[in-house]
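Descriptive analysis of the structure
One letter stands for each residue in the lines below.
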Amino acid sequence: QVQVVESGGGLVQPGGSLRLSCAASGRSSFSINAISWYRQAPGKQRELVAVITDRGSTSYADSVKGRFTISADSAKNTYYLQMNNLKPEDTAVYYCNADVSIATARAGHYWGQGTQVTVSS
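Within every chain, residues take consecutive numbers counted from 1 along the sequence as written. Side-chain atom pairs in this predicted model are given and counted only at pLDDT of 80 or more, local residue features only at pLDDT of at least 70, and totals for whole chains, interfaces and linings cover all residues. Calculation of side-chain values draws on the structure's entire complement of heavy atoms; hydrogens and water are dropped beforehand.

Remark on secondary structure: sheet strands pair via backbone hydrogen bonds, oriented parallel or antiparallel. Two strands pair under a simple rule: DSSP has to find at least two bridges between them. Here a helix means four or more residues in a row that DSSP labels H or I, a strand means two or more in a row labelled E, and each is numbered from the N terminus. Sheet architecture is open: 4 strands sit in the order β1-β3-β8-β7, paired in antiparallel fashion. The outermost strands of the open sheet, each flanked by one partner alone, are β1 (2-7) and β7 (68-73). In this sheet, neighbouring strand axes are inclined to one another by 15° on average, regardless of whether the strands run parallel or antiparallel. Axes here refer to lines fitted to C-alpha atoms; in helices the fit is confined to the stretch in contact. Angles between the N-to-C directions go from 0 to 180 degrees.

The subject of this paragraph is the pairing of strand β3 (residues 18-26). Note: β1 against β3, 6 bridges, orientation antiparallel. Within β3, the position partnered with Q3 by the bridge is S25.

The subject of this paragraph is the nonpolar core. In a soluble, globular protein the nonpolar side chains are often hidden away together inside. Membership of the largest hydrophobic core comes to 31 residues, with the highest contact counts inside it found for I35, W37, L81, M83 and Y94. Only β1, β3, β4 (30-40), β5 (47-53), β7, β8 (78-83), β9 (92-102) and β11 (115-119) provide two or more residues apiece to this core. If you tally residues by element for this core, the top one is β9, at 5 residues. Pairs of residues are marked as contacts when any of their non-hydrogen atoms sit within 4.5 Å. Aside from chain neighbours lying at most four places away, what touches I35 is C22, A50, V51, I52, I70, Y79, C96, N97 and A98. Buried Ala, Val, Leu, Ile, Met, Phe, Trp, Tyr and Cys residues that are joined via side-chain atoms within 4.5 Å together make up what is termed a nonpolar core. Each residue gets one of three labels from its accessible area relative to the maximum for its type: buried under 20%, exposed over 50%, partly exposed in between, using a 1.4 Å probe on protein chains only.

Spelled out as structure tokens, the structure:
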């Protein structure tokens, strides 16, 4: 099994910045194929925000391009979402999803518990 834990959320004013972290850990020998950040605002569906693959390829939702940056510290199995120029519409619970392999076999996706980001003056 793999555990995924997000941190770094909070309250920030419009135009401010936050950096979210996603730490993956487990007893088995596992590897991360890709990390995705999702968010879910009240009354809305969960939406994909950003993805980074094990090869370092990244992709972003149009709504966050140019403002958010996803990055990885693979040695620490820790992944980051740097969020700049935050807007009230970025308010949501942010979730990290890990696409995992265990001993070279695909083992599925693991979710974190989420971290709240609130952008408000």
